[in-house]
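Residues per chain, in single letters:
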Protein chains: 6
Amino acid sequence: MRPDGRNPTDLRPIQLDVGYLKRAPGSCLVSFGDTRVLTSVTVEERVPPFRLGRGGWLSAEYGMLPGSTQDRKKRDQGKQDGRAVEIQRLIGRALRAAVRIESLPQLTLWVDCDVIEADGGTRCAAITGAYVSLAVALKRLQKKGTLKDAGAVLATSVSAISIGLVGGYLCVDLDYAEDSTAEADLNVVATGDGRLVEVAGAAEKGSFDRKQLDQMIDAGLAANVKLRALQEGAIRAAVDKL
Amino acid sequence: MRPDGRNPTDLRPIQLDVGYLKRAPGSCLVSFGDTRVLTSVTVEERVPPFRLGRGGWLSAEYGMLPGSTQDRKKRDQGKQDGRAVEIQRLIGRALRAAVRIESLPQLTLWVDCDVIEADGGTRCAAITGAYVSLAVALKRLQKKGTLKDAGAVLATSVSAISIGLVGGYLCVDLDYAEDSTAEADLNVVATGDGRLVEVAGAAEKGSFDRKQLDQMIDAGLAANVKLRALQEGAIRAAVDKL
Amino acid sequence: MRPDGRNPTDLRPIQLDVGYLKRAPGSCLVSFGDTRVLTSVTVEERVPPFRLGRGGWLSAEYGMLPGSTQDRKKRDQGKQDGRAVEIQRLIGRALRAAVRIESLPQLTLWVDCDVIEADGGTRCAAITGAYVSLAVALKRLQKKGTLKDAGAVLATSVSAISIGLVGGYLCVDLDYAEDSTAEADLNVVATGDGRLVEVAGAAEKGSFDRKQLDQMIDAGLAANVKLRALQEGAIRAAVDKL
Amino acid sequence: MRPDGRNPTDLRPIQLDVGYLKRAPGSCLVSFGDTRVLTSVTVEERVPPFRLGRGGWLSAEYGMLPGSTQDRKKRDQGKQDGRAVEIQRLIGRALRAAVRIESLPQLTLWVDCDVIEADGGTRCAAITGAYVSLAVALKRLQKKGTLKDAGAVLATSVSAISIGLVGGYLCVDLDYAEDSTAEADLNVVATGDGRLVEVAGAAEKGSFDRKQLDQMIDAGLAANVKLRALQEGAIRAAVDKL
Amino acid sequence: MRPDGRNPTDLRPIQLDVGYLKRAPGSCLVSFGDTRVLTSVTVEERVPPFRLGRGGWLSAEYGMLPGSTQDRKKRDQGKQDGRAVEIQRLIGRALRAAVRIESLPQLTLWVDCDVIEADGGTRCAAITGAYVSLAVALKRLQKKGTLKDAGAVLATSVSAISIGLVGGYLCVDLDYAEDSTAEADLNVVATGDGRLVEVAGAAEKGSFDRKQLDQMIDAGLAANVKLRALQEGAIRAAVDKL
Amino acid sequence: MRPDGRNPTDLRPIQLDVGYLKRAPGSCLVSFGDTRVLTSVTVEERVPPFRLGRGGWLSAEYGMLPGSTQDRKKRDQGKQDGRAVEIQRLIGRALRAAVRIESLPQLTLWVDCDVIEADGGTRCAAITGAYVSLAVALKRLQKKGTLKDAGAVLATSVSAISIGLVGGYLCVDLDYAEDSTAEADLNVVATGDGRLVEVAGAAEKGSFDRKQLDQMIDAGLAANVKLRALQEGAIRAAVDKL
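About the criteria used
- Residues numbered from 1 in each chain as written.
- Chains lettered and ligands numbered in written order.
- Predicted model: local features only at pLDDT ≥ 70, side-chain atom pairs only at ≥ 80, totals over all residues.
- Heavy atoms only, no water.
- Helix = DSSP H or I, 4+ residues; strand = E, 2+ residues; numbered from the N terminus.
- Pairing = 2+ DSSP bridges.
- Axes fitted to C-alpha atoms, helices over the stretch in contact; angles between N-to-C directions.
- Contact = heavy atoms within 4.5 Å.
- Least-squares fit on C-alpha atoms with pLDDT ≥ 70 in both.
- Phe/Tyr/Trp six-rings, centres within 6.5 Å; stacked < 30°, edge-to-face > 60°.
- Buried < 20%, exposed > 50% of the residue type's maximum accessible area, 1.4 Å probe, protein only.
- Lys NZ or Arg CZ within 6 Å of the ring centre and 35° of its normal.
- Buried area = accessible area lost by both parts, 1.4 Å probe.
- Salt bridge = Lys/Arg side-chain N within 4 Å of Asp/Glu carboxyl O.
- Polar contact = N/O pair within 3.5 Å; in protein donor to acceptor, adjacent residues only side chain to side chain.
- Nonpolar A, V, L, I, M, F, W, Y, C, P; charged D, E, K, R; others polar.
- pLDDT = per-residue confidence, 0-100.
- Parallel < 35°, antiparallel > 145°, perpendicular 65-115°, else oblique.
- Left-handed = near helix turned anticlockwise from the far one by under 90°.

1. Quick notes on unusual backbone geometry
A negative phi angle is the norm for most residues apart from glycine, just as the trans form is the norm for most peptide bonds.
Reasoning step 1: With a phi close to 60 degrees, D173 of chain A is a non-glycine residue in the positive phi region.
Reasoning step 2: Assignment of secondary structure puts D173 of chain A in the loop between β7 (169–172) and α4 (176–179).

2. Looking at the sheet that holds strand β2 (residues 26–32) of chain A
Residue and element names in this part refer to chain A.
Reasoning step 1: Across the sheet, five strands lie side by side as β1-β2-β3-β5-β4; this open sheet has mixed pairing. Each edge of the open sheet is held by one strand with a lone partner, namely β1 (14–18) and β4 (57–64). Strand-to-strand twist across the sheet, computed as the mean angle between neighbouring axes with direction ignored, equals 15 degrees.
Reasoning step 2: Pairing analysis gives five bridges linking β1 to β2, with the strands arranged antiparallel. Paired with Q15 across the two strands is S31, which belongs to β2.
Reasoning step 3: In the packing of helix α1 (residues 82–96) onto the sheet, the strands contacted are β4 and β5 (108–117), and the crossing angle to β4 comes to about 145 degrees.
Reasoning step 4: Against the sheet, helix α2 (residues 122–144) engages β1, β2, β3 (35–44), β4 and β5, with an angle of about 35 degrees to β3.

3. Observations concerning the sheet that holds strand β6 (residues 158–166) of chain C
Reasoning step 1: Reading across from one edge, β7(B)-β6(B)-β8(B)-β9(B)-β9(C)-β8(C)-β6(C)-β7(C) is the order of the eight strands in this open sheet, with antiparallel pairing throughout. Of all the strands in the sheet, the pair left with one neighbour each is β7 (169–172) of chain B together with β7 (169–172) of chain C. When strand polarity is set aside, the average angle formed by the axes of neighbouring strands in this sheet is 15 degrees.
Reasoning step 2: Helix α1 (residues 82–96) of chain C contacts β9 (196–203) of chain B together with β6, β8 (184–191) and β9 (196–203) of chain C of the sheet and is inclined by roughly 155 degrees relative to β9 of chain C.
Reasoning step 3: Of the strands in this sheet, β9 of chain B together with β6, β7, β8 and β9 of chain C are in contact with helix α5 (residues 210–240) of chain C, which crosses β6 of chain C at around 140 degrees.

4. Observations regarding the relation of the copies chain E and chain F
Reasoning step 1: The transformation that overlays chain E on chain F combines an axial shift of 0.0 Å with a rotation of 180 degrees, and the residual RMSD is 0.0 Å. Taken together, these values place the two copies in the relation of a two-fold axis. Across chain E, the smallest distance between a C-alpha and the rotation axis is recorded for A200 of chain E, namely 2.1 Å.

5. Observations concerning the packing of aromatic side chains
What characterises a pair of aromatic rings is the spacing of the ring centres plus the angle enclosed by the ring planes.
Reasoning step 1: This structure, assessed with the given rule, holds six aromatic pairs over all chains.
Reasoning step 2: Aromatic side chains F50 of chain B and W57 of chain B sit 5.0 Å apart centroid to centroid with 85 degrees between the ring planes, which places their arrangement in the edge-to-face category.
Reasoning step 3: With a relative accessible area of 47%, F50 of chain B lands in the partly exposed category.
Reasoning step 4: Note on W57 of chain B: relative accessible area 16%, which makes it buried.
Reasoning step 5: The ring of W110 of chain F carries R72 of chain C above its face, with NZ or CZ at 3.9 Å from the centroid.
Reasoning step 6: For R36 of chain D, the ring lying beneath its charged end belongs to Y20 of chain E, and the centroid distance is 4.5 Å.

6. Points about the interface of chain E and chain F
Reasoning step 1: Taken together, the contacts link 29 residues of chain E with 29 residues of chain F.
Reasoning step 2: A buried area of about 2,600 Å², summed over both sides, lies between chain E and chain F, and 49% of it is on carbon and sulfur atoms.
Reasoning step 3: If you sort the residues of chain E by the area they bury against chain F, E86, L196 and R210 of chain E come out on top, with a joint share of 24%.
Reasoning step 4: Linking chain E with chain F are eight salt bridges, by the criterion used here.
Reasoning step 5: The residue R210 of chain F makes a salt bridge to D218 of chain E at a minimum N-O spacing of 2.2 Å.
Reasoning step 6: Counting across the interface, chain E meets chain F through 16 residue pairs in polar contact (both at pLDDT 80 or more).
Reasoning step 7: Mapped onto the side of chain E that touches chain F, the elements with two or more residues apiece are α1 (82–96), β8 (184–191), β9 (196–203) and α5 (210–240) of chain E.
Reasoning step 8: Looking at the side of chain E that touches chain F, the element that brings in the most residues is β9 of chain E, giving eight residues.
Reasoning step 9: Looking at the side of chain E that touches chain F, its residues break down into 13 nonpolar, six polar and 10 charged.

7. Notes on the confidence of the model for chain A
Reasoning step 1: Here chain A averages 94 in pLDDT, and 99% of its residues register 70 or above.
Reasoning step 2: Predicted complex metrics record ipTM = 0.93 and pTM = 0.88.

8. Considering the environment of R6 of chain E
All names here are of chain E.
Reasoning step 1: Within the fold, R6 resides in the segment before β1 (14–18).
Reasoning step 2: R6 sits in the buried class, given a relative accessible area of 6%.
Reasoning step 3: Here the alpha-carbon distance between R6 and K22, two residues 16 residues apart in the chain, equals 35 Å.
Reasoning step 4: With residues near it in sequence (within four places) discarded, R6 still touches M1, L11, R12, V172, D173, D175 and E178.

9. Remarks on the arrangement of the chains
Reasoning step 1: Between chain B and chain E there is no contact, and the shortest C-alpha to C-alpha distance separating them is 9 Å.
Reasoning step 2: Contact between chain A and chain F is absent, and the least distance between their C-alpha atoms amounts to 9 Å.

10. Digging into the pairing of β3 of chain A
All names here are of chain A.
Reasoning step 1: The buried fraction of β3 is high, at eight of 10 residues.
Reasoning step 2: Summarising the sheet, β2 and β3 pair through seven bridges and their orientation is antiparallel. Bridge assignment links F32 to a residue of β3, and that residue is T35.
Reasoning step 3: Between β2 and β3, which follow one another and run antiparallel, lie two residues, and G33 among them has a positive phi close to 60 degrees.
Reasoning step 4: Note: β3 against β5, nine bridges, orientation antiparallel. Paired with E44 across the two strands is T108, which belongs to β5.

11. Thoughts on the packing of α1 of chain E against helix α1 (residues 82–98) of chain F
Reasoning step 1: One way to put it is that α1 of chain E packs onto α1 of chain F with a least axis distance of 9 Å and a crossing angle of 110 degrees. By the angle class used here, α1 of chain E and α1 of chain F are roughly perpendicular. Seen from above, α1 of chain E lies across α1 of chain F with left-handed handedness. Of the residues in α1 of chain F, those touching α1 of chain E at G82, R83, V85, E86, R89 and R93 of chain E are G82, R83, V85, E86, R89 and R93 of chain F.
Reasoning step 2: The class makeup of the residues in the contact of α1 of chain E with α1 of chain F is two nonpolar, two polar and eight charged.

Pasting the structure below:
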């Protein structure tokens, strides 16, 4: 059993507070245990140059509030921090996998993920919450008449989870303490129907073997099925109120 | 009566959610109506060069999340936005007026104010909430033994309110709709005992006269008395639980 | 009496050297005692995006030459210094209060204020001199035919003065030595006919009371009347020579 | 068969031109077909702050020369490009997996990977060549007496290869034309003894399934065995000449 | 005789490896002894604003790879290094002297010069190699039909050499060791027919006299005649293969 | 005769207003006709890292005020303009040629040259005026006791002048109109005793020949003799008053 009483494949308590912002078309404050990320989807009525005349675009940004980490996180000034760049590129790819951007009109969906408090797994929480924000935002755009059919734009659902090897044992949804002692860790981004969007795993100390990778992938796919159910419930409740 | 049913000198509903962050020494999610600002106070164990050997320092930063505004607020990249610079300098001066920095040990108190959702008056909400974060953080530092006497460091309380002339009438605590049509607007930063820390008023259209300024200052001082009572209650409840 | 022999409400010697630059449409080297600021107004034949199709715009910038201060002022490289940002925003608001920007054609008036030598009160000297540069530039634009009626564009005059509490006494037009020991200081920006454009006062040590604020405002309004007379003389002499 | 005549699991012609730079402690111009990357390892006699008193450090940077791509790649000015940040973080992690940094003295090994000409797979070529540069540089440091035992510092070898699904078929070592039409692509970073350091795979169009992932990983591990043999030969020849 | 056995007016071994890049319209890896610079010419189908409707433009950039210098050269981040700015402005002027830009169609020729390894004289090697890249690129544009007549665009050839006073003696084509002990050094940029494009000489220690300058200029003109012959041979061989 | 009535080798009216700034150790507002540059020399009590333990240093910076040019010069924001970088490097080299920096104590002399109004030849005016500021500053440092012997630090005097070929004729001290139509232009930086510190000449249209270069250098050396006399007079008058 883990320090917080979880079994190896247990998720932390997950919350999806949809509509946290009053004015953004879609928003969701997502919690994976003590990790909290505010995700929002807003709409800009134009596309980047390389998408002119070719449907819409979806762009993601990720940041951490200064008070979100144990030691205060300095604000970026001039130079963006490399880890944030890497994470926001992952988020963007994950969500674009869920969307048929060529079916969008000429607009950009901005996905913002800002970490309110960080306790491990912020990128997975961000993807999971951002998908909820996205699904609600598309429905709202349909209601406003900007989109004909939100369902036609949304190709699939997407969520993400981290898995690690900690002291030789596989653990799902690592918190910060586990993450910082893990021998290896893997993020699995998957669709609602069990297909893979992205896998990114790295040894933190040396290397890992093929069998360990297989186990981590299996656990990741299983966890994403649970996340998918939570996402569906939250979206349905929010869409009913639109 | 105002569009939202308030009388001219009424504040919007004020909430001070102290301890919103689990790990920051002091934090407070402050709401003035639909304006929400997350304030936090963290500690860095060193001072800027000009304070070496001369007590501590307090430094404030202010930012807006991209989803906080009607039109998405772009993240700063390289160049900080002028309005934010102006506001964070105001917040820093206001809070330094409440603290005897020469009584602090050689450390920097970082005050971060991040706007979650903006509906007018973010700088005043930030100052009011940040003071609460600060008072709680100092008590916590005292408990940890970093400070001998938090009371000796805290010279006074501080809060802030905006007042405007809208369609010729004086209004307290403007929301965004009022703010954007005001002829003049004034921010009054005051201590708990009715003294002034900073007044900053500007005509938005032409100019205003001496008598109007006097009325705005009177209204501002009165509103700060109400804020002071709310701050005291919130701090006391939070400190009891430390 | 003050160290330099002035009475509390005396201004320092004021000079307005209009037309200091040969080619700029308007320029004025303004001195408040040893404080010297070169102000200029130039014209760009376009407006920022938010003013397209809606008259003209006026934008101000403020800088200090490296040799202007006791310790050499480093040039900005990449990151503009916060104090300068705050000051140039004040100058811009002050001068826009004097101009009916909706009566301008689609052009931007650039107001540049560069401190040649700093001895306190640079922002007030800048506003006072920049107004002179502006009035002359508008007349010149009228002569060139770019404007029909400079008088219709100029809504009012504007000037500014600092007032402080030094050792408990009110002093007008602080020099650097006074400014750095003042308990409180206030900048009063006013129109030629005694109305207020902006008041910005801050306690440097703790706080000040309502009565002190009133006295400072009174003194500020009175000093601006004197500045107005000097501005008028300088503008008239310069316009006669156009 | 592929357009260039290769079988699905064939590598392109691989060249490792060791000692391409005369003065850098380690250097290797690596070619994977028409992709050429100049890798070098240089030594700085200090460590970043977080490694003070704790062995050495290894830091990687990646760039593309302006003429390396079909359309000229603009130089970074101020803001580094997100893709490059992501890649250089990957290279750094991969090479740190090969090195016992706690056995290094207090110095930083700088690994620079600059793309001379890009035709797909630059990050894998960079890792493969940089490992060669690193091994030679460590031997040279041993010869100079900076290190006691280069072998004790080098924990394992490391190389990398890309695998993709192109038109439904698995292909190893994609060139640019293949890469830009692939449905999914995976980079496999592995040690000389067949263990995994990092796997990073992403669907470019929708998603892929578990079985496809398994096949790609198998092919990646097999290709890295071939790369390992080439690295060993190149290093041995270069070390003999030291 | 010099440390490497050269006579005072001898050049180092010069190599011009034309077509080093497969896809750039023109490229040349130029060596002056151990100094190696990769030059390339690429084409952008638009011009900077000040050339709209007025023929084409040619713009040069210069950089050093991190491993090119004895001590690793840090990559520019945000702020470009002053020496590089100075050099790339020189290269741009030198090559524009060789081209009738008003005879170009509306396109920009980008000349990139990246130092692979630095051993003195990089700016002269860059100009000499870049001219070769340029001549080949223009011929290729003619073949593609973008230009009617490459010869009409190319006004003259251009090359460059450094000359120095080392220990009182005049030396041509200084290597790094000579350059860093020279009392004075001069770069002479000249056309194929012996006219001057740019001379830039500076005393490194004090000053030099008129007669020394004359001798340096004579030696520079003579060396450029030799470079011209090498350029011609390399261009002819490359153009034959187009 | 030239448009302003000058003969080919005439300088424009030269003024050297020494002590223009009250507090800087050395300052001089220099005019070459309508070109005015404010130069100042200030002292920082430390040296850059590469001069630690090795005497002092001298560093120059050059800027243009926004109102100094016909079209307003935008302030640098983030990226310094290439021309300014090139010029300030020239100024720094020129003045370091005049100073024995190894005889200075461990301090940095900052030379700032800010163009008030530009009408051609700003870099030459800057060098000529900055030398005057420098000589006075060194004398003042001697008086204060920071230096033992200002004369021992000052190796020689330095001044600069531009010469051009305009319409086939040689002209000295070009104004902006001449400069922008010149076929070639040369800056000659020389010492008081007729030796060369730097020559930098470039063809603006094509090339120039050896004989033309010789004539320009002769004219430049002669003009610098005149500047030297003016510098001496100005310095002597200023030093007498110290």
